[in-house]
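Understanding the architecture of this molecule
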Amino acid sequence: AALHSLRFRMNVHGLSSVELVPAYLLLAEASLGLGHIVQAEEYLSQAQWTVLKSTECCSATHSLLHRNLGLLYIAKENYEEAR
C-alpha cells in the first residue's frame, strides 16, 4: 500500500516533490520493522534529500524524518548518531 501511495504521489506531484516524503517515511518505518536496514536507509536518504531541497516542508515532517533516522541509527547500533 505504501509503495502504491509513493507511485501515485510521484505521478501526481513529480519525482522531487515534498509530497513524497510521508510515503518514504512510511516505507522506511515498515522496512525497519521488517529488519531491512539497507532498504530503510535508502528511503530515508531520499526523504532527507527531498526535505533539504524543499522550502515548504513543515516541522511535523522534519520531526518524523529525524525520528525515523534515529530508529535507523539504533538498528545499525550507531548510538552516538541516534542520540
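Let us look at the structure shown here.

Reading the values: rules and limits
Residues numbered from 1 in each chain as written. Predicted model: local features only at pLDDT ≥ 70, side-chain atom pairs only at ≥ 80, totals over all residues. Heavy atoms only, no water. Helix = DSSP H or I, 4+ residues; strand = E, 2+ residues; numbered from the N terminus. Expected span 1.5 Å × (residues − 1). Buried < 20%, exposed > 50% of the residue type's maximum accessible area, 1.4 Å probe, protein only. Contact = heavy atoms within 4.5 Å. Axes fitted to C-alpha atoms, helices over the stretch in contact; angles between N-to-C directions. Parallel < 35°, antiparallel > 145°, perpendicular 65-115°, else oblique. Left-handed = near helix turned anticlockwise from the far one by under 90°. Nonpolar A, V, L, I, M, F, W, Y, C, P; charged D, E, K, R; others polar.

Right, let's get into helix 2 (residues 21-34). In this model helix 2 runs 20 Å from its N-terminal to its C-terminal C-alpha over 14 residues, within 8% of the 20 Å that 1.5 Å per residue would give. Those residues of helix 2 not exposed but buried are Val-21, Ala-23, Tyr-24, Leu-25, Leu-27, Ala-28, Ser-31 and Leu-32. Structurally, helix 2 contributes buried residues whose contacts are with helix 1 (2-13), helix 3 (37-53) and helix 4 (59-75). Just downstream of helix 2, Gly-35 is the residue with a positive phi angle, here 85 degrees.

Turning our eyes to something else, we now look at the packing of helix 2 against helix 3. Helix 3 packs onto helix 2 with a crossing angle of 160 degrees between their chain directions and a minimal axis gap of 8 Å. Between helix 2 and helix 3, the interaxial angle falls into the category roughly antiparallel. In this structure, helix 2 meets helix 3 at a crossing whose hand is left-handed. Across the interface between the two elements, Val-21, Tyr-24, Leu-25, Leu-27, Ala-28, Ser-31 and Leu-32 from helix 2 touch Gln-39, Ala-40, Tyr-43, Leu-44, Gln-46, Ala-47, Thr-50 and Val-51 from helix 3. In the contact of helix 2 with helix 3, the residues fall into 11 nonpolar, 4 polar and no charged.

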